[in-house]
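Chain by chain, the residues run as shown.
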Amino acid sequence: MAAQVLPAEHDVRRVIGDGEGTADGEVDGLDEAALLALYRDLVLLRTYDERSVVYHRQGRIGTYAIFWGHEAMQAGSAFALADEDWIFPSYRESAIGLLRGMPPEIVLAWWRGHPAGWWDPREYRVASIAVPIATHVPHAAGYAWGAKLKGESACAIAYFGDGATSEGAFHEGANFAAVMRAPVVLLCNNNQWAISTPLSAQTRAETLADKAVGYGMPGIRVDGGDVLAVYEATAEALRRARAGEGPTFVEALTYRSAPHATADDPTAYWDAERVEEERRNECVGRYERYLRRLGVLTDAVAEEARADALDRMKKGITAAEAFPPPDPEVVFSHAYVDPPPGFREG
Ligand SMILES: Cc1ncc(C[n+]2csc(CCOP(=O)(O)OP(=O)(O)O)c2C)c(N)n1
Ligand SMILES: [Mg+2]
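To keep things clear, this report deals only with the structure shown in the data block. This one's a predicted model, so the numbers in the text were calculated from it and none came from an experiment.

Scoring rules and cut-offs
- Residues numbered from 1 in each chain as written.
- Chains lettered and ligands numbered in written order.
- Predicted model: local features only at pLDDT ≥ 70, side-chain atom pairs only at ≥ 80, totals over all residues.
- Heavy atoms only, no water.
- Helix = DSSP H or I, 4+ residues; strand = E, 2+ residues; numbered from the N terminus.
- Rg over C-alpha atoms; globule rule 2.2 N^0.38 Å.
- Buried < 20%, exposed > 50% of the residue type's maximum accessible area, 1.4 Å probe, protein only.
- Areas by Shrake-Rupley, 256 points an atom, 1.4 Å probe, with all protein chains shown as cover.
- Lys, Arg positive; Asp, Glu negative; His and termini not counted.
- Charge placed at Lys NZ, Arg CZ, Asp CG, Glu CD.
- Contact = heavy atoms within 4.5 Å.
- Axes fitted to C-alpha atoms, helices over the stretch in contact; angles between N-to-C directions.
- Parallel < 35°, antiparallel > 145°, perpendicular 65-115°, else oblique.
- Left-handed = near helix turned anticlockwise from the far one by under 90°.
- Donors = N, O, S within 2.8 Å, 3.2 Å for Na, K, Ca; no water.
- Core = buried A, V, L, I, M, F, W, Y, C linked by side-chain atoms within 4.5 Å.
- Expected span 1.5 Å × (residues − 1).
- Near = heavy atom within 4 Å.
- Nonpolar A, V, L, I, M, F, W, Y, C, P; charged D, E, K, R; others polar.
- Polar contact = N/O pair within 3.5 Å; in protein donor to acceptor, adjacent residues only side chain to side chain.
- Phe/Tyr/Trp six-rings, centres within 6.5 Å; stacked < 30°, edge-to-face > 60°.
- Lys NZ or Arg CZ within 6 Å of the ring centre and 35° of its normal.
- Pairing = 2+ DSSP bridges.

### Let's talk about the overall build of the chain
Looking only at helices and strands, the chain features 13 helices and seven strands. A compact globule built from 346 residues should have a C-alpha radius of gyration of about 20 Å, and the chain, at 20 Å, falls within 12% of that. By principal-axis analysis of the C-alpha atoms, the chain measures approximately 70 × 55 × 45 Å. Out of the 346 residues in the chain, the part that is buried amounts to 52%. Accessible area for the chain stands at about 15900 Å²; split by element, carbon and sulfur atoms hold 52% of it. Between the averaged position of the 34 positive side-chain charges in the chain and that of its 51 negative side-chain charges there is a distance of 1 Å.

What follows is the structure in structure tokens.
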């Protein structure tokens, strides 16, 4: 029997109001402690990102993929996961392991090209960071299908961008997940750009969520700057997945308001006015104002969260720089069973 699938939603879900004409909503199941824990996650990611740009400029890490403005998509969705669920990040979510207790030095080591940055995925239920676009979507689908076959309740979430939806690996992963009813959430960060390629050059579909219909899975659209809306959409997708109803495609909308990475100059292509608007309405401040309207967040708690995140980063970069220089041999030992003879010379 064919799956019963509703057409993808074109309405963009929001929970957080603007403090003026648009009223705040609320989300089931999040008490004050949870709301504040989510705030700390956002602050940790924001601090990680801002410090990483500084460390890059100081020559302490290599090229870095900035995720400023993407924190709500990452923290909101990760907050909905159970501990047993597996995360499959792209380079844009490089620091998402921090939300699972991974020390910052591990991720900083990754950006330094140091082998200490390759953690054991089983330790944090976080797969290695995927740099090739969309290749981890089939991994996430396969993991989720495997968990289902073993009778486990674990789900997977794969993070990827708007550009990734044009890749063959995205198609294969999404189709496979739907056919196998794999318990996976496909979370698309639609930041409107694939480096300098705009969304309009990526697809003729009216929305990316529309693609879900073709795979026979629901598609949800959500404001990617609204951490509570992202949380709620992901929680709903996970409920479906755990109930045996298969994958969900979540399109989280934003507009990238930082360079693609430290090696990019976006002033050559982006819409400067739109960027200003996005920055004024950026996700951490938006949530902070929401919590203050609720009377949940005090200055003292906000300052403490920032100081704690900063302290973790300072210790993290010191620890990352203290890893002993790697043995050059590892480059070859992990690539070849029998190194070509030329590699032995010199
Ligand atoms: C298979 C593959 N092709 C090309 C690239 C080069 N590349 C790096 S980032 C990027 C843009 C990806 O854009 P999107 O999927 O929207 O993700 P975003 O960076 O915006 O989060 C491209 C094409 C790559 N890493 N992998
Ligand atoms: Mg993009």
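### Some thoughts on the environment of Ala95
With respect to the helices and strands, the residue Ala95 is situated in the loop between strand S1 (86–88) and helix H3 (104–111). Overall, the relative accessible area of 0% leaves Ala95 in the buried class. Spatially, the C-alpha atoms of Ala95 and Leu38 are 15 Å apart, while their sequence positions differ by 57 residues. The contacts of Ala95, once residues within four sequence positions are left out, are Leu45, Tyr48, Phe67 and Val107.

### Section: the packing of H3 against helix H11 (residues 299–322)
One can describe the packing of H3 onto H11 by two numbers: an axis separation of 8 Å at closest approach and a directional angle of 50 degrees. Of the possible angle classes, the one that applies to H3 and H11 is oblique. H11 is crossed by H3, and the crossing has right-handed handedness. Contact residues: H3 offers Pro104, Glu105, Leu108 and Ala109, while H11 offers Arg312, Met313, Gly316, Ile317, Ala319 and Ala320.

### Observations concerning the coordination of the magnesium ion (ligand 2)
Distances from the magnesium ion (ligand 2) to its protein donors, Asp162 (OD), Asn191 (OD1) and Trp193 (O), fall within 2.0 to 2.1 Å. We note that the donor set of the magnesium ion (ligand 2) lies within a single chain, spaced as D-x28-N-x1-W. Separated by 31 residues along the polypeptide, Asp162 in the loop between strand S2 (156–161) and helix H6 (168–179) and Trp193 in strand S4 (residues 193–194) bring together distant segments of the chain. For Trp193, a relative accessible area of 11% gives the class buried.

### Looking at the nonpolar core
Among the nonpolar cores identified, the biggest contains 76 residues, and Tyr48, Trp111, Leu228, Tyr287 and Leu291 are the most heavily contacted of them. Among the elements that make up this core, the one with the highest residue count is helix H1 (residues 32–57) (twelve residues). Apart from residues no more than four positions distant in its own chain, Trp111 is found in contact with Tyr48, Ile61, Gly62, Thr63, Tyr64, Ala65, Tyr91 and Ser94. The next biggest cluster of nonpolar side chains, apart from the first, holds 27 residues, and it includes Ala140, Ala174, Ala178 and Phe249.

### Examining helix H8 (residues 227–242)
Its 16 residues place the ends of H8 22 Å apart at the C-alpha level, agreeing with the 22 Å of an ideal helix rising 1.5 Å per residue. For H8, the buried fraction is high: twelve of the 16 residues fall into the buried class. One or two positions beyond H8, positive phi appears at Gly244, with a value near 85 degrees.

### Points about the site of ligand 1
Taken together, 16 residues lie around ligand 1, and Tyr91, Arg92, Asp162, Gly163 and Trp193 are the ones closest in. In isolation ligand 1 exposes 580 Å². Once the protein is present, 72% of that is buried. Residues belonging to the shell around ligand 1 are distributed by class as follows: eight nonpolar, five polar and three charged.

### A word on the environment of Thr234
Note on placement: Thr234 falls in helix H8. One polar contact links the side chain of Thr234 to the main-chain carbonyl oxygen of Val230, over a distance of 2.7 Å.

### With respect to the packing of aromatic side chains
Two descriptors summarise a pair of aromatic rings, namely the distance from one centre to the other and the angle between the planes of the rings. Considering all chains together, one arrives at 17 aromatic pairs under this definition. Both rings, one in Trp86 and one in Phe88, keep their centres 6.2 Å apart while their planes meet at 35 degrees; by these two values the pair is tilted. In this structure Phe88 comes out as buried when scored by relative accessible area, which is 7%. Three or more aromatic residues joined by ring pairs make a cluster, and in this case those are Tyr48, Tyr64, Phe67, Trp110, Trp111 and Trp118. The ring of Trp68 has Arg46 lying over it, and the distance from NZ or CZ to the ring centre is 4.2 Å.

### Comments concerning the side chain of His136
Counting through the fold element by element, His136 comes out in helix H5 (residues 136–149). Judged by its relative accessible area of 4%, His136 falls in the buried class. Setting aside chain neighbours within four positions, we find His136 in contact with Phe88, Pro89, Ser90, Ala130, Tyr159 and Phe160.

### Focus: the pairing of S2
In terms of residue burial, S2 counts as a mostly covered element, since six of its six residues are buried. The alternating pattern of S2 places Ala156, Ala158 and Phe160 and Ile157, Tyr159 and Gly161 on opposite faces, both of which are buried. One ladder, built from three bridges, connects S1 with S2; its direction is parallel. Across the sheet, Ile87 pairs through a bridge with Ile157, a residue of S2. Relative to strand S3 (residues 184–190), S2 is paired through six bridges, and the arrangement is parallel. Among the inter-strand pairings, Gly161 is bridged to a residue of S3, identified as Asn189.

Keep in mind these numbers describe shape, not what the thing actually does.
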